[in-house]
Amino acid sequence: MAKFSLITIAVGAMVMAGAHWVHVDYLYFASYTILQFIVLATAWNILGGYCGYVNFGSAAFFAMGAYSSVFIHKIYPLPVPLLILAGAIVSGIAGFGMGYLTLRLRGSFFAIATLALAVVLQTLVVNWEYVGGSRGAYIIRPEEIEFAGITINYIEYLFGLMLLLAVIALITARTIERSQLGFGFATIRDDELAAEASGVPTLRIKLIATTISGAFMGMAGAPFPYYIGYLQPSSAFGLEYAVNSIAMPMIGGTTSWIGPLVGAILLGSAQQYATVTISSAVNLLIVGLMLVAFVIIAPNGLVGLVQGWRRAWRKP
Amino acid sequence: MDISWDLLLNAITAGLLLGGFYAAVTAGVSISFGMLDIVNIAHPAFIILGSYIAYFFNIKFGVDPILVSVIALPFFYALGAAVYQVYYLSFEKRGQESLRGLAFFFGLLFVTEVSLILVFGVDYRYVEAAYIGPSLHIGLIDLPLRMLVPCLAALAMFSALQLFVTRTFIGRAIMAVSQDQMALQLMAVDPIRIKRIAFGISIATAAVAGALLIIIQPVEPSVGREYIGRVFAICVLGGLGSMPGTLIAAMLLGVVESLTATFYGPSWAPAVSFGFLLLTLAFRPAGLMGR
């Protein structure tokens, strides 16, 4: 556990140093998006992959984080790390609430409720003039920031924060996977009735999962207004967040922390490339088709495929 | 508080007409989700597909949208049967419908929507027919034909479905398949075939619902998403698998949405269905007419 954390932190530091060495603004912008997807995909997987409960409302949790930043920024511009904390609290509470209302029922109700949540939150935000309504809100991003005596470029600062979040998310996911909580999640995924009968406190565990998952999605969303500079409901609630945070773990593999990471890096960089070279609609179509193809052909994602090949290779 | 009575009366009438249309939109989900336990969240996307087919033949050849949808029924039935076959072989047979099945339908929803964007663009499209525009006036009440015609067509389709489900052998088998697959097998009926037929019918209703939708309002590809919450709210509120319950719930939601739109502004209407859904799930998960 400690070893894994150290390795992840070291890799994170190396990525940071490497990016600083190359120092191209576009690189920061592009890799910020990929890191954001790593956080979202990992967060989705804590509930979806480990527990087996599908959340279609990733965009809603992400947007809650983003809009709580806008809201606080309008009152008093706090530093971004505190905004991330605020986003985590808001989306975590929302995750808990959604879970409390729907998780006692059949699994599909939770999925449907999260799907509806996105539509309704968007309605609320569109009608809420204080955070910009349907017109959107501007956030003037400072050019650079003083940080322990050195000034760094603001976009590099945001990139660093998102990198840190990705590292924390991955460590959390792996820790959960190997802990008693993770085994509890797995029993729910495999057979909830049997788990309940053997004394696993299913509702409490599921609520922990929805809260952690929601909180990480909110954290991913909180720095977003600063990154994009102009936040409007249609970009914060964009369908690409909902579809990517499902497609990435599904394509990477849902049973371990590495699946969402692999999926996010592959799909995320492919999309950065495709958005520039083709069009964003075509690239979303490709993601959708890949999602359908993968759930049919490779139910355990790329990780499952690789494991299958290794097993087949070792046998003879 | 000063409420103008003819405004209130007209809002309720409009809500009832809207509710009739909602019943047609929900009928398919009532079969697939309510009776077969297949969480087809892509259903609204099929409805939008129906809208665009109605739009295409209406603008190109001037065919009446409802007539187009009736002609499209067998194609949608075949599409539904094919989707079910893939779903059955890939997920239901392997027992993976809860996670991957949902992701599959989500992918379908997404692919359909983006394909429509690529083909038709994101502009709002509408159809032309003689009954779009004029209104009937009965006393204080206005009955716009563009609402009345879809409502009547929806009710006709809904009654036909209800008769089919309760009076025919296959219809009863559909009701039975959700309750006891084994008993059905003992009667020498293949449950998979029954489910395929039922899912085909459920997608076929989307052709009609889509045509009705584009008569009522202009359509663009992402409109379908607004209907996801609505459709499942009606389905759950009505009681899973109960057609009469679905009709009552659809009317109720139509009226409440119409009142909200009239007295608070139309931008709040989508929030109503979600409120209904959450309240139902929290207080009476079995729905109004649940068994």
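Along each chain, the written sequence defines residue order, and numbers are assigned to residues from 1. Think of it this way: whatever chain is written first is A, whatever ligand is written first is 1, and the rest follow in order. Local features in a predicted model are, by the rule used here, given only for residues with pLDDT of at least 70; side-chain atom pairs are given and counted only at 80 or more, and totals for whole chains, interfaces and linings are based on all residues.

*Asks:* Give a detailed account of the interface of chain B and chain A, specifying residues and quantitative values.
*Replies:* Once C-beta atoms are placed from the backbone, any two residues with those atoms within 7 Å are in contact. Listed per partner, the contact involves 35 residues of chain B and 34 residues of chain A. Taken together, the elements giving at least two residues each to the side of chain B that touches chain A come down to helix 3 (65-92), helix 4 (97-120), helix 9 (223-238) and helix 11 (269-283) of chain B. Counting from the N terminus, the helices are DSSP H or I runs at least four residues long and the strands are E runs at least two residues long. At 15 residues, the largest contribution of residues to the side of chain B that touches chain A is made by helix 4 of chain B. Among the residues forming the side of chain B that touches chain A, the class breakdown is 25 nonpolar, 7 polar and 3 charged. Here the term charged refers only to Asp, Glu, Lys and Arg, the term nonpolar to Ala, Val, Leu, Ile, Met, Phe, Trp, Tyr, Cys and Pro, and the term polar to all other amino acids, Gly among them.

*Asks:* Kindly report on the environment of L7(B), identifying the contributing residues and their values.
*Replies:* Residue and element names in this part refer to chain B. Inspection of the secondary structure assignment puts L7 in helix 1 (residues 5-35). Labels follow a simple rule on C-beta atoms placed from the backbone: if 20 or more others lie within 10 Å of a residue's own, it is buried; if 12 or fewer, it is exposed; otherwise it is partly exposed. Looking at L7, the number of C-beta atoms within 10 Å reads 12, which means it is exposed. Considering only alpha carbons, one finds L7 and I141, 134 residues apart in sequence, at a separation of 8.9 Å.

*Asks:* For the confidence of the model for chain B, give the residues involved together with the corresponding values.
*Replies:* Per residue, pLDDT captures the predictor's confidence, and it can take any value from 0 to 100. With 98% of its residues at a pLDDT of 70 or more, chain B has an overall mean of 87. Across the whole predicted complex the pTM is 0.86, and at the interface the ipTM reaches 0.82.

*Asks:* Kindly report on the nonpolar core, identifying the contributing residues and their values.
*Replies:* Counting residues in each nonpolar core, the largest one holds 201 residues, and the members touching the most others are V39(A), A116(A) and A24(B). Ranked by residue count, the leading element in this core is helix 8 (residues 191-216) of chain B, at 15 residues. In contact with V39(A), not counting residues within four places along its chain, are L165(A), A166(A), A169(A), F216(A), M219(A) and A220(A). To define a nonpolar core, we join buried Ala, Val, Leu, Ile, Met, Phe, Trp, Tyr and Cys residues through C-beta atoms within 7 Å and take the resulting set.

*Asks:* Please set out helix 13 (residues 258-277) of chain A residue by residue, giving values where relevant.
*Replies:* Given a rise of 1.5 Å per residue, 20 residues ought to cover 28 Å, and the 28 Å separating the end C-alpha atoms of helix 13 of chain A matches this to within 8%. Packed against the buried residues of helix 13 of chain A are helix 2 (25-51), helix 6 (154-178), helix 12 (239-252), helix 14 (280-297) and helix 15 (301-314) of chain A. Working rule for helices: expected span equals 1.5 Å times residues minus one.

*Asks:* Give me helix 6 (residues 169-179) of chain B: which residues, what numbers.
*Replies:* All names here are of chain B. Listed in full, the buried residues belonging to helix 6 are A173, I174 and V177. Viewed along the axis of helix 6, the buried residues span an arc of 105°, placing them on a single side of the element. Buried residues along helix 6 sit against helix 1, helix 5 (145-167), helix 7 (181-186) and helix 8. As used here, the arc belongs to the directions running from the helix axis to the C-beta atoms.

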